[in-house]
Each structure stands twice: as structure tokens, then as C-alpha cells.
Amino acid sequence: MPKKTVKQKQMNILGIETSCDETSVALLQLRIKNSKLRIGSGERTRVKESVAVPEYSVSIKKHFIATQIPIHARYGGVVPEVAARTHVAELVSLLNKTIKIKNQKSKIKKVDFDAVAVTRGPGLATALRVGLEGAKTLAWYYDKPLIPINHLEGHLASAWLVPGNRKHWKYPILFLLVSGGHSELVLMRDFGKYKILGRTRDDAAGEAFDKTAKLLGLEYPGGPKLSRLAMQGNPLAFDLPRPMLHDPSLDMSFSGLKTAVRVLLEKLKKDKQVYKIEDVCASIEAAIVDVLVFKTVKAALKFKPKAVAVVGGVSANALLRSELKLAVRESCPGARFLSPAKGLHTDNGAMIAAAGLWQMISRRKIKDWKKLDAEPDLDL
Ligand code: KG4
Ligand code: ZN
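1. Description of the pattern of salt bridges
Pairing is possible between side chains that carry opposite charge, provided their charged atoms lie close to one another. Enumeration according to the criterion identifies 14 salt bridges in this entry. Here Glu184 ties to Arg199 by a salt bridge, and the two come within 3.4 Å at their closest N and O atoms. Placement of the pair is Glu184 in strand 9 (residues 183–190) and Arg199 in strand 10 (residues 193–199), with a sequence separation of 15 residues. The buried category is assigned to Glu184, whose relative accessible area is 2%. By relative accessible area, which is 30% here, Arg199 ends up partly exposed. The salt bridge partner of Lys211 is Glu207, with a shortest N-O separation of 3.0 Å. Here Lys211 and its partner Glu207 are both found in helix 6 (residues 205–215), four residues apart, which amounts to about one turn of the helix. Judged by relative accessible area, Lys211 falls into the partly exposed class, the value being 31%. Looking at Glu207, the relative accessible area reads 24%, which means it is partly exposed. Via salt bridges that share partners, Asp203, Glu207, Lys211 and Lys258 belong to a single interconnected network.

2. Concerning the side chain of Lys295
Summarising the element assignment, Lys295 is placed in helix 9 (residues 277–303). For the buried Lys295, no salt bridge is present, and the opposite-charge side chain at shortest range is Asp247, 4.6 Å distant. Within the structure, Lys295 has its side chain in polar contact with the backbone oxygen of Met244 (distance 2.9 Å). Only 3.5 Å separates the side chain of Lys295 from the backbone oxygen of Asp247, close enough to count as a polar contact. Contacts of Lys295, omitting those with residues within four sequence positions, involve Leu185, Met244, Leu245, Asp247, Ser249, Leu250, Asp251 and Met252.

3. Some thoughts on the site of ligand 1
For ligand 1, the set of nearby residues contains 17 residues, the closest of which are His155, Gly180, Asp210, Gly313 and Asp347. Contacts to ligand 1 include His155, whose side-chain N or O atom sits 3.0 Å from an oxygen atom. Taking Gly206, its main chain carries an N or O atom lying 3.3 Å from an oxygen atom of ligand 1. Relative to its free-state accessible area of 550 Å², ligand 1 is covered by the protein chains to the extent of 86%.

4. Brief notes about the nonpolar core
With 48 residues, the main nonpolar core has Leu176, Ile288, Leu292 and Leu320 as its most contacted residues. Broken down by secondary-structure element, the contributors of at least two residues to this core are strand 8 (173–178), strand 9, helix 6, helix 7 (222–230), helix 8 (255–270), helix 9, strand 11 (307–311) and helix 10 (318–331). Considering every element that reaches this core, the biggest residue donor is helix 9, with 13 residues. With residues up to four places along the chain from it excluded, the contact list for Ile288 reads Ala205, Ala208, Phe209, Phe254 and Leu257. Within the second largest apolar cluster, 39 residues are counted, among which are Leu28, Ile32, Ile173 and Ala307.

5. Examining the coordination of the zinc ion (ligand 2)
Donor atoms from the polypeptide that bind the zinc ion (ligand 2) are His151 (NE2), His155 (NE2) and Asp347 (OD), placed at 2.1 Å. In primary sequence terms, the donor set of the zinc ion (ligand 2) follows H-x3-H-x191-D. Pair noted here: His151 and His155 are both in helix 4 (residues 151–160), with a separation of four residues, about one helical turn.

6. Quick notes on the packing of aromatic side chains
Counted by the stated rule, this structure contains ten aromatic pairs. Consider the rings of Trp160 and Trp358, whose centres lie 6.0 Å apart with planes at 80°: the pair is edge-to-face. With Trp160 in helix 4 and Trp358 in helix 11 (residues 349–361), this pair connects stretches of sequence that are 198 residues apart. Exposure class is identical for Trp160 and Trp358. Each is buried. A network of ring pairs unites the aromatic residues Tyr56, Trp160, Trp169, Phe175, Phe191 and Trp358 as a single cluster.

7. Regarding the environment of Met231
Along the chain, Met231 turns up in the loop between helix 7 and helix 8. Judged by its relative accessible area of 60%, Met231 falls in the exposed class. A C-alpha to C-alpha distance of 27 Å links Met231 and Leu185, two positions 46 residues apart in sequence.

8. Here's the deal with the pairing of strand 7 (residues 146–150)
Counting buried positions along strand 7 gives five out of five residues, so the element sits mostly inside the fold. Bridge count for strand 6 (residues 115–121) against strand 7 is five bridges, and the pairing is parallel. Bridge pairing in strand 7 links Ala117 to Ile147. In this fold, the crossover linking strand 6 to strand 7 by way of helix 3 (residues 125–142) has right-handed handedness.

9. Here's the deal with helix 11
Because an α-helix completes one turn every 3.6 residues, residues spaced three or four positions apart along the sequence face the same direction. With 13 residues, helix 11 should cover 18 Å at 1.5 Å per step; its first-to-last C-alpha distance of 18 Å lies within 8% of that length. Helix 11 sits mainly inside the fold: 13 of its 13 residues count as buried. One side-chain oxygen at the N-terminal end of helix 11 lies 3.1 Å from the backbone nitrogen of Ala350; it belongs to Asn348.

Calculation notes
- Residues numbered from 1 in each chain as written.
- Chains lettered and ligands numbered in written order.
- Predicted model: local features only at pLDDT ≥ 70, side-chain atom pairs only at ≥ 80, totals over all residues.
- Heavy atoms only, no water.
- Salt bridge = Lys/Arg side-chain N within 4 Å of Asp/Glu carboxyl O.
- Helix = DSSP H or I, 4+ residues; strand = E, 2+ residues; numbered from the N terminus.
- Buried < 20%, exposed > 50% of the residue type's maximum accessible area, 1.4 Å probe, protein only.
- Lys, Arg positive; Asp, Glu negative; His and termini not counted.
- Polar contact = N/O pair within 3.5 Å; in protein donor to acceptor, adjacent residues only side chain to side chain.
- Contact = heavy atoms within 4.5 Å.
- Near = heavy atom within 4 Å.
- Areas by Shrake-Rupley, 256 points an atom, 1.4 Å probe, with all protein chains shown as cover.
- Core = buried A, V, L, I, M, F, W, Y, C linked by side-chain atoms within 4.5 Å.
- Donors = N, O, S within 2.8 Å, 3.2 Å for Na, K, Ca; no water.
- Phe/Tyr/Trp six-rings, centres within 6.5 Å; stacked < 30°, edge-to-face > 60°.
- Pairing = 2+ DSSP bridges.
- Right-handed = clockwise from strand over helix to strand, strands pointing away.
- Expected span 1.5 Å × (residues − 1).

Okay, structure coming up:
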């Protein structure tokens, strides 16, 4: 009997993220079993084996995140020039930690990598350029391909990094992408194939958390602090608006909520009313979560996805994840609920490397890196 061979390909990819206030570098390893594709060769090749469904196994070999939050907290928000300078200081040391290893004789050896993925936008232009120039230097020096990544696609790919999620990665997948700058409902039909179903018309969900937290005197970024206080509060204590809930579109809006919180706090102060900050936090969190869950379920009922995923910094919110999971289970019983692993909700280099793997797997054409520049307003 002829011996059955299993084709297995392997590659290492570096991911670099500097779009806002986190400098992050990751090294990911991808193994593909039964691959029909010859990675990086630019052509499709057929295999003779009867099993042709590729199986992806991905491991995060190294991952470092240097947050600038304490630096920007002093200014009450991200200062682009300060962010860029801090990225310059952090990036080289993180890259050294990621691609240089010491062997037993304390000799420094370089880790092999096959490609460099870097965020090209959206984000702060000055901050993005630090990562891009660093990645270009690496690509030139080591003669490796440079893969420019859309930060938003990186967030989508963060859910794919969970092995259990990859098992249920069946299209279409409905994504609720909620971060500090974006709130979008995205239907994914394949790697690189996205349809925006709805988005915020003003503030992003993360912005709504941060701005209302600021009104309450919580330090930047207030989202995580507000949600921590909300755990001890009563979500029914204050009646806050759920904007655009009954609008027929899948769009959202959060700026009215911010105004309602400002008016509420002014009234409480004027009336010298004693209140618990935890109750205000819980009421704000409930209003934001209600809108996000309602719109996601509405999209799921219309587009019947095989899975519903929540990604982006706001997906770190435990109430949002649990409410959405419950709602998906009740209203779309056939759909799986997916979210990223702990620590990969907010900006990180591993998700950028993962999106780089998507580009390699789906054979998207990679632009000449010498022509690459930051694209602060890039859409998905
Ligand atoms: O994705 P991300 O790290 O950066 C952008 O791409 O914008 O998201 C950051 C946002 C911030 O607005 C932050 O307040 C929010 O995510 N965030 C949270 C929580 N953790 C982070 N919002 C609500 N609850 C949380 N636990
Ligand atoms: Zn982000």
C-alpha cells in the first residue's frame, strides 16, 4: 500500500502594532495540514491526497504589549506626539526581545521569521508611522515580505486566535466590532470579504464609556474603571436613553447618551441628591450594552450567521459578553458565540500577525512596501 503523506507547512510571522497607545510585537507560528496552497509562492498547487480541507494550527510564540495608558492619563487622553515618541522608545526593545534569543552559551541568535505584518491604519498618523518605518527596516534588512494590515481586520482576527473558535469558524460570521474609535456590525464571508451592515453615526461605544466616565471624574481610559464600579451598582437606578433602538437601520448612536449623563449629573448636583457612583456606572453600562446587544441580534436574525463574534477593546466588558452570548443562544440557536482570549480584546500585536496570516492564506496581493504610508482613516 502506498504510504499516505500529510502535507504540512509552517511559517513564522511577526506582528507590529502602534496605531494608538499600545506598542506591541508578537511572533506567531502557523502550521497548515493538508494545505493546497504554497505560501508565498504566488501560485496555487493541487495535492493528490483526498483530504484537501486545510487545518490551521496557530501558536503565539512571543507577545509583548507596552501600554502607554499611565503616560496619557496625565493629559486626560492620547496625545499623538507623545504616543509617537513613546512608540519609538518601546518598539526597538520589544523587537529585540521578540526576535533575539540567548542560547546556553549566552550567544545572541536571531529567531527566524518569514514575514512582517504591521498596522497601516486606521489610527494616529504619527503613531502608525513608527510601526510602519520599523517594519520597513526589518523587511529591507532581512529581505522578508511586509504585510500591511488594517487594524480593524486585526481585531476580527483576534477571535480566530482561540483554537476552540477556529473549530467553529464557518461563514458567514457576524462581528460586533467595538473599540475606542469604532462600533460596527460586520458580516464576514471569507478571509478579506467583509460587508459593513451598520455603524455608529457619532461616538464609538468605547468613546461613550470613556466620555461618560470622564464626566464622573474617572481617569482615562474610563471604560474599564466604569465597568468595574458598575459591578457593585444597580443598573435600574437611573433611566438613561437607548438611542436609535427603534430605528430600522443597523446603525447606532451614543452621543445622546453622553448628553443625558451630563444632564443627569448636573441635576443630581443641583438637587443636592445623594447617589452612588456605582449606580450611575451600572446604568450607563446597561444602556450601552442594551443597544449593542439589540442591534447585533437584529443583524443576526436578518443575516442568519453561523457564528456571532464580539471583538475590540469594549469586548473586554464582561456584561457585554455575557448578555450577547445569552441573546445569541436564545434568538439564533444555531449560531456559535465567539470572542477573543483574555488579554487580546484591546490592541495587540498578535491580532496583527493573525491578520497577516489571513492575507497569506487567502493570497491577497501585497503592495510594494516602499510605497506604503500610514492611512489614518482606513475603512474595513
Ligand atoms: O480596541 P482598543 O484597545 O483600541 C482602539 O482600537 O480604539 O479599545 C479601547 C477601548 C477604550 O475606549 C476602552 O475604554 C474600552 O476599549 N474598554 C472597555 C473595557 N476595556 C476596554 N470598555 C468597557 N468595558 C471594559 N471592560
Ligand atoms: Zn483597536
